Amino acid sequence: MEIICFDEIESTNDHMKDLKDKKDWLVIRAKKQSKGRGRRGKEWHSEEGGALFTINLNKDKYIADEFYDKLPLLAGLAVLKALDETYRSEYKIKWPNDVYVYDKKISGILVEKVELGYIIGVGVNINLDKFGDYSEIASSLKLISGKNYDIDTFVRKVVLNMKDLYYSYIKGEWKLILNEINSFNYLKGKEVKICDGQKDIIGRVEDLDESGGLSVLVDGDIEIVTVGDIKIIENVII
Ligand code: BTN
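In this text the structure is predicted, and so the values were computed from the model without any measurement. Numbering of residues begins from 1 in every chain and follows the order in which that chain's sequence is written. Local features in a predicted model are, by the rule used here, given only for residues with pLDDT of at least 70; side-chain atom pairs are given and counted only at 80 or more, and totals for whole chains, interfaces and linings are based on all residues. Excluding hydrogens and water, the side-chain figures rest on all heavy atoms present in the structure.

Q: In this structure, what is going on with the packing of aromatic side chains? I would like to understand it.
A: Two descriptors summarise a pair of aromatic rings, namely the distance from one centre to the other and the angle between the planes of the rings. Think of it this way: a Phe, Tyr or Trp ring, Trp meaning its six-membered ring, pairs with another when their centres are within 6.5 Å, and the plane angle makes it stacked under 30 degrees, edge-to-face over 60, tilted otherwise. Tallying each qualifying case throughout the model produces 8 aromatic pairs. Ring centres of F67 and Y68 lie 5.8 Å apart, and the angle between their planes is 85 degrees; this geometry places the pair in the edge-to-face category. In this analysis the charged atom, NZ for Lys or CZ for Arg, is taken to sit over a ring once it is within 6 Å of the ring centre and within 35 degrees of the ring normal. One residue, K70, lies across the ring of W174, its end atom 5.2 Å from the ring centre. The ring centre of Y186 lies 4.1 Å from the NZ or CZ of K190, which sits over that ring.

Q: Please explain helix α2 (residues 71-86) as it appears in this structure.
A: Each turn of an α-helix holds 3.6 residues, which means side chains three or four residues apart point in the same direction. If you check α2, its first and last C-alpha atoms are 22 Å apart, about what 16 residues at 1.5 Å a residue would give, namely 22 Å. Only protein chains enter the accessibility calculation, which uses a 1.4 Å probe. A residue is then buried if its area is under 20% of the maximum for its type, exposed if over 50%, and partly exposed in between. Starting at the N terminus, helices and strands are each numbered in turn, a helix being any DSSP run of H or I of at least four residues and a strand any DSSP run of E of at least two. Of all 16 residues in α2, 13 are buried, a share of seventy percent or more. An expected span of 1.5 Å times one less than the residue number is assigned to each helix.

Q: So what exactly am I meant to see when it comes to the nonpolar core here?
A: One recurring pattern in soluble globular proteins: nonpolar side chains tend to sit buried together. Throughout, nonpolar core names a set of buried Ala, Val, Leu, Ile, Met, Phe, Trp, Tyr and Cys residues whose side chains join them through atoms within 4.5 Å. Core analysis: the biggest nonpolar cluster contains 59 residues, and F53, L83, M162 and L214 have the highest contact counts within it. With 10 residues, α2 is the largest single contributor of residues to this core. Note on contacts: a residue pair is in contact if any heavy atoms of the two residues lie within 4.5 Å. Excluding its chain neighbours within four sequence positions, the residues that come into contact with M162 are W25, I55, L71, L74, A75, A78 and I120. Of all hydrophobic cores here, the second largest spans 7 residues; its members include I9, L26, I28 and I119.

Bear in mind that shape data such as this cannot, by itself, settle questions of function.
Next up, the structure:
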């Protein structure tokens, strides 16, 4: 596995984007990022102590673009498994690909389409223990376990899991993977408000459907949500 590690760069996603002739599964890692990027144009706080890295996957010209729509979901599961292999706890996937532990976010993923394929940017809070203004909503391995971990070892676990999941997906095992993702569905049974850019949807979350979209029960009917900003209204146990 080739991992190129920098002490500090602006963003591992941006660095990967600029690289030419890159191989599948090349990893760019940074100990710190000065312009770490999150989804929907947000900033990703990137101090030392986080696993901050990007994996490259070139597109196969014989495979349709839509096939790659599942990459964020696969990456979320790869991170969750690496966390659990490192320190057993109750991790969940908040659709589409955030990883939560005890109702706080421990990892975020930013998959982007680039000229020749896809780059999978991963941020995981490992040895961080101070989140300032975000302390109500963010957690880390250190906060839940009281220990520090080797970040290189953690990154390798994620990449190995991602490869396993990706090849199993290529072999046609999507349903098995989907079942596993559903078993970690953080939003299941929660009342949510989803803004998809045009309208607000209010309903109760069920499983992810076969397309990887979120099934939401709205006034007795199931709606499949494929994009959107999700706010939890209240917990309903089902
Ligand atoms: C999110 O939850 O909004 C996604 C956060 C993704 C952050 C990672 S850190 C490594 C990679 N480089 C970036 O600039 N962003 C991703």
